[in-house]
Amino acid sequence: MANVIVNRVIEFLKKYPPFSFLSPELLAQVAREVDLVYFEEGEFLFQKGEPAKSYFFVVKEGAIKLTDHFEGKEETVEICDEGDVFGVLALLGKRPYILNARADENSLVMAVPVGVFEKILSENNKVSLYFASGFASGQVVVRSGLSQTQKVRTLFGRDRDTNENGLMLFSGQTSIQFSHPVIYCHTGNTVAEAVEKMSREKVGSIIIVDENKHPKGIITDKDLRNRLIARNLPYSTPVTKIMSRPVVTAKKDMEFSQVYLNMVKHRLHHLVFTEDGSSDSPLIGIISDHDILLSQGNSPAVLIKALQESQDIHELAKLRNQAEGMLKYFLENELAIEFIAGILTEINDTLIRRAIAMARSRHEAVFPELRDLQFCFLALGSEGRGEQLLRTDLDNAIVYEDVADELKEKARNFMHLIARDVMDILFACDFHSCPAEMMANNPQWCQPLGQWKKYFSQWIREPDPQSLMMATIFFDFRAVSGKQALADALTQHVYEEINQGKVFLNFFAKNALLNPPPLGFFRNFMIEKSGKHAEKFDIKLRAMMPLADAARVLILSHQVVGINNTFKRYEKLAELEPNQAALYRDAGKAYEIFMRIRALEGLSTASSGRFIQPDSLGKLQRQLLKNAFFPIDEIQKILKVRFQLDYFGN
């Protein structure tokens, strides 16, 4: 009979983390020590302030309410249901309980002795991180563990051990496998000496260093072809005459994802590592784009190069489809969201630039007098923030320079043709049309700089609901292609207007509170009640928008220019407001978690990923989401106090 009970305990526990991380042998060992305890509705398991017991709890059947007292009133902090782990302070530090635990209905609870778990906790990394990162219910003392180094990088993917689409406690590749020792020669050497060394070592590049071994240049096979052979120069030519300079350098402890993104963005074929990361420091290593390609298996650099060179719309569409497969690969292999977002943004930007070049070549001949007309293509919304992982609906605009009256009509027609063709190419690449038509091919959003300034002035000076809605979309504009100075002029105008009418930020902050945090779901998610998405959780409206809106208001209040990305905005806010740094870092990491969940949902359901079926989430996913919700409430409290919203007009 005892074996039957143990087997039933095993079958139950192995479905839920952290027990799902255990080997069958360890799980059986734990199951033999577990006690089953029955509690009637209203009965306390423990009360706040009591010494921690020598076991923690797992709900088998029923529900346990965790409560605390605020200003003399008992309030529910959380409700634990089947599979939830709670009362873990005995495991973490043998401190008194910080919450009350009471049966919300007749309940059957498993009591797991701490003693049997201590060895597991010290030896099993996943189990220890599960508890240390605050995934057990009611761990308010570590609830803001979202910002703790590697624990912060808690990313979604497929757990190969549990077959649950849950948690991989993996931070991506962090070590850089650069070539060492590096093949180099000195600034006083000739090309013949350099080539002889390259041939002997079987390498395609050589670093040129000074007497202190500081890198001063690089010679590649391409340099030899284009700068020596093509010019009929002798091999006695000094290496300094044909080397490429300056050398781009980095520190040896830079994260792999930063190295790769840096090389992709700047089209680097080689990155040199020095002791302190500068070119005035001794050479220690080198990495090539070929090394990156071999280590990654999927190369955005190759895809971007193909996009840059393509002249065919169908080929562009095919290449952009490949990027979707790359996104899936990156998510499955748990690469950091910042890295993934950077790569996808660069791919999308490259596609837009290629589309603009194709459109210009098609129409410039008809408008010779406008060949030098300066304009800037602006990305808005999630793409403006560099956060569009999936091909969701497009938000963009064009701003072009003001022209003389006699050219206004021609300039308008020319820019509308450019906008039309660019959008047609993006639609052919399976991007979706904005339902509100906030796109460059809408004449309203393809305007000269003077008109754009009027738009922003109106939205800031007359902050009615419509103006505030426009501001949330258009204030995240980012220059993708064209004259950056036009976007800069618009940014300067925005801050000048805000400084003149500071009350705008109060209205903007109040607007940011329209979507409260989804903290009231307890046993269920706060789901949509009606419509085509009834019974689903809207992760964009309920989780992402509150954080994005708050970050936008706060960064505007600090007049920070050039940071649009939500999680980077929170990084900057943490730097600007050290007393709130931990909360801001948590908010940024929470936003990354929401982005990952939405992207995974979108890829698995061939949708925007916005609406999630709660039943499709594993226990671990649900707990991670719950933890990620908490910064929303705290951030919104900051907005209320800072902008005096309790006293501000409705």
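Quick note: structure is the one above.
Draft legend 1. Broad picture of the pattern of salt bridges. Counted under the stated rule, the structure contains 35 salt bridges. Between Asp476 and Arg569 there is a salt bridge, with the nearest N and O atoms lying 2.9 Å from each other. Pair noted here: Asp476 is in the loop between α18 (465-474) and β20 (478-482) and Arg569 is in helix α22 (residues 566-576), with a separation of 93 residues, a long-range link. With respect to burial, Asp476 and Arg569 carry one shared label: buried. Glu577 serves as the salt-bridge partner of Arg642, at 2.7 Å between the closest nitrogen and oxygen. Here the residue Arg642 occupies a position in helix α24 (residues 619-642), and Glu577 occupies one in the loop between α22 and α23 (581-605), the gap between them amounting to 65 residues.

Draft legend 2. Focus on the sheet that holds strand β3 (residues 55-61). Ordered by their spatial adjacency, four strands build an open sheet running β1-β8-β3-β6, and the pairing between neighbours is antiparallel. The two strands at the open ends of the sheet, each matched to only one other strand, are β1 (35-39) and β6 (85-86). As paired strands, β1 and strand β8 (residues 107-113) are joined by five bridges and run antiparallel to one another. Across the sheet, the residue bridging to Val37 is Val109, located in β8.

Draft legend 3. Broad picture of the nonpolar core. Judged by nonpolar contacts, the single largest core of 126 residues is most densely connected at Ile340, Trp452, Phe474, Phe475 and Phe594. The greatest single-element share of this core, amounting to 13 residues, is contributed by helix α14 (residues 337-363). Leave out the neighbours within four places in its chain, and Trp452 touches Ala397, Ile398, Val399, Trp445, Gln447, Trp459, Phe474 and Leu490. Grouped together as the second largest cluster of nonpolar side chains are 32 residues, Tyr16, Leu22, Ala31 and Phe131 included.

Draft legend 4. Looking closely at the pairing of strand β12 (residues 205-209). Counting buried residues along β12, five of its five residues qualify, which places the element largely inside the surrounding structure. Where burial is concerned, the two faces of β12 agree: the one with Ser205, Ile207 and Val209 and the one with Ile206 and Ile208 are both buried. With three bridges connecting them, strand β11 (residues 184-186) and β12 associate as parallel partners. When the sheet's bridge partners are listed, Cys185 is paired in β12 with Ile208. As defined by bridge partners, β12 adjoins strand β13 (residues 215-220) across five bridges and the pair is classed as antiparallel. What sits directly across from Ile207, in β13, is Ile218. Two successive antiparallel strands, β12 and β13, enclose a turn made up of five residues, where Lys213 displays a positive phi of approximately 65°.

Draft legend 5. Structural view of the sheet that holds strand β19 (residues 446-448). Taken together, the four strands give an open sheet; going across it, the order is β19-β18-β17-β20, and neighbouring strands pair in mixed fashion. Of all the strands in the sheet, the pair left with one neighbour each is β19 and β20. Strand after strand, the sheet turns through a mean of 30° between neighbouring axes, direction not considered. Sheet analysis places strand β17 (residues 375-379) next to β20, joined by four bridges and oriented antiparallel.

Draft legend 6. View of the side chain of Glu592. Inspection of the secondary structure assignment puts Glu592 in helix α23. Look past the residues within four positions of Glu592 in its chain and what remains in contact with it is Ile337, Glu338 and Phe567.

Draft legend 7. Representation of the side chain of Asp421 in the model. Residue placement: Asp421 occurs in helix α16 (residues 408-428). Only 3.0 Å separates the side chain of Asp421 from the side chain of Arg420, close enough to count as a polar contact. Discounting residues that sit within four places of it in the chain, Asp421 has contacts with Ala359, Arg362 and His363.

Draft legend 8. Region of interest: unusual backbone geometry. For the bond running from Pro17 to Pro18, omega is 5°, close enough to zero to count as cis. Its place among the elements puts Pro18 in the loop between α1 (2-13) and α2 (24-33). Residue Pro246 follows Arg245 across a cis peptide bond; omega there is -5°. You can see Pro246 is positioned in the loop between α9 (239-242) and β14 (249-251). One non-glycine residue, Lys202, adopts positive backbone phi at about 55°. Looking at the element boundaries, Lys202 is found in the loop between α7 (191-201) and β12. A relative accessible area of 76% places Lys202 in the exposed class. Positive phi, normally seen in glycine, also occurs at Gln644, with a value near 50°. Following the sequence through the fold, Gln644 ends up in the segment after α24.

The rules behind the values
Residues numbered from 1 in each chain as written. Predicted model: local features only at pLDDT ≥ 70, side-chain atom pairs only at ≥ 80, totals over all residues. Heavy atoms only, no water. Salt bridge = Lys/Arg side-chain N within 4 Å of Asp/Glu carboxyl O. Helix = DSSP H or I, 4+ residues; strand = E, 2+ residues; numbered from the N terminus. Buried < 20%, exposed > 50% of the residue type's maximum accessible area, 1.4 Å probe, protein only. Pairing = 2+ DSSP bridges. Core = buried A, V, L, I, M, F, W, Y, C linked by side-chain atoms within 4.5 Å. Contact = heavy atoms within 4.5 Å. Axes fitted to C-alpha atoms, helices over the stretch in contact; angles between N-to-C directions. Polar contact = N/O pair within 3.5 Å; in protein donor to acceptor, adjacent residues only side chain to side chain.

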